[in-house]
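# Examining the three-dimensional arrangement
Residue-level listing of the chains:
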Amino acid sequence: MAENRNRRDQLRDAAIEVLAQEGGRGLTHRAIDRAAGLPEGTAKNYFATRDALLRAAAERCVERYWADLHAAPAEKIRGRDGLAAFLRRLVEHAVTANRSRVLAYLELHAEAARRPDLRATLAELTRADLALHLRAHEAAGLPATRRTAATVTMCLNTALTYLLTQPAETLADYGLDDLDAFLRDLLHTVYPPHG
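Not measured: the values here are computed from a predicted model.

### Brief notes about the packing of helix 4 (residues 50–71) against helix 7 (residues 116–139)
- Remark: helix 4 packs on helix 7, axes separated minimally by 9 Å, with the N-to-C direction vectors making an angle of 15°. What the angle tells us is that helix 4 and helix 7 run roughly parallel. Seen from above, helix 4 lies across helix 7 with left-handed handedness. For the pair helix 4 and helix 7, the contacting residues are L54, R55, A58, E59, C61, V62, Y65, W66 and L69 in the first and D117, L118, T121, L122, E124, L125, A128, D129 and L132 in the second.

### Comments concerning the pattern of salt bridges
- A complete count under the given rule lists 16 salt bridges for this structure.
- Of the charged contacts, one joins R88 and D180 as a salt bridge, the two residues approaching to 3.2 Å between their closest N and O atoms. With R88 in helix 5 (residues 79–95) and D180 in helix 10 (residues 179–190), this pair connects stretches of sequence that are 92 residues apart.
- You can call D180 partly exposed: its relative accessible area is 39%.
- The structure contains a network of salt bridges with shared partners spanning R5, D9, R12, D13, R60, E63 and R64.

### As for the confidence of the model for the protein chain
- Confidence along the protein chain averages 92 in pLDDT terms, with 97% of residues attaining 70 or more.
- By mean pLDDT, the top-scoring element of the protein chain is helix 9 (residues 168–173) (98), and the lowest-scoring one is helix 4 (86).

### As for the packing of aromatic side chains
- Tallied over the entire structure, the rule returns two aromatic pairs.
- Ring centres of Y46 and F47 lie 6.4 Å apart, and the angle between their planes is 40°; on these two criteria the pair is classed as tilted.
- Taking relative accessible area as the criterion, Y46 reaches 26% and is therefore assigned partly exposed.
- Overall, the relative accessible area of 4% leaves F47 in the buried class.
- When the centroid spacing of 5.0 Å and the interplanar angle of 90° are considered together, the rings of Y162 and Y174 count as edge-to-face. Of the two residues, Y162 sits in helix 8 (residues 146–165) while Y174 sits in the loop between helix 9 and helix 10, which places them twelve residues apart along the sequence.

### Description of the environment of H29
- By secondary structure assignment, the location of H29 is in helix 2 (residues 29–36).
- The class for H29 is buried, based on a relative accessible area of 16%.
- Not counting residues up to four positions away in its chain, the partners in contact with H29 are A43, K44, F47, A48, T49, R50 and L53.

### Focus on a negative patch on the surface
- A cluster of like negative charges, contributed by E169, D173, D177, D178 and D185, occupies part of the molecular surface.
- For D173, the position within the fold is in helix 9.
- For D173, a relative accessible area of 67% gives the class exposed.

Basis of the calculations
Residues numbered from 1 in each chain as written. Predicted model: local features only at pLDDT ≥ 70, side-chain atom pairs only at ≥ 80, totals over all residues. Heavy atoms only, no water. Axes fitted to C-alpha atoms, helices over the stretch in contact; angles between N-to-C directions. Helix = DSSP H or I, 4+ residues; strand = E, 2+ residues; numbered from the N terminus. Parallel < 35°, antiparallel > 145°, perpendicular 65-115°, else oblique. Left-handed = near helix turned anticlockwise from the far one by under 90°. Contact = heavy atoms within 4.5 Å. Salt bridge = Lys/Arg side-chain N within 4 Å of Asp/Glu carboxyl O. Buried < 20%, exposed > 50% of the residue type's maximum accessible area, 1.4 Å probe, protein only. pLDDT = per-residue confidence, 0-100. Phe/Tyr/Trp six-rings, centres within 6.5 Å; stacked < 30°, edge-to-face > 60°. Patch = residues over 30% accessible without salt bridge, like charges linked within 9 Å, V, L, I, M, F, W, Y side chains within 5 Å. Areas by Shrake-Rupley, 256 points an atom, 1.4 Å probe, with all protein chains shown as cover. Lys, Arg positive; Asp, Glu negative; His and termini not counted. Charge placed at Lys NZ, Arg CZ, Asp CG, Glu CD.

Next comes the structure, spelled out in structure tokens:
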């Protein structure tokens, strides 16, 4: 049973890598078998259709995101500067260690526009993301609401997309060439200092 679960996870992780490297069009059973280093036909045995592959990749993204949430204790954040540092760590981790997963996630979002079941799976991750941000903002002592947390979350998700896809001059145009200043300005805009 554990071997079966490990093989499924290996295939789902390979699907994430294929999505990140080749995009949605490259997501085939053969490509996943190659990426996983497994005999041809293995992925088809576990995930019979392309829709099943997409769903499996999305579910794995959600599982891995939940694991990351447990490793990022938002409750220990103190103050606006602490929140900015926390957000910087999240962004840096997303564009380095989690680069493939974020790129796969972007591909999955495009697919979800046409597949309601995939949309529902990704919505779980989106809700978890917002909940994490809301907890972090509250822990920082800011006057957080779902709306303020959602604004920061959406800005950061767009920033991640740009950081992974845009040239340096575009990043500079949006202030993403100085991530610390970008985060500081974002938090000051959403939570204006009193005084």
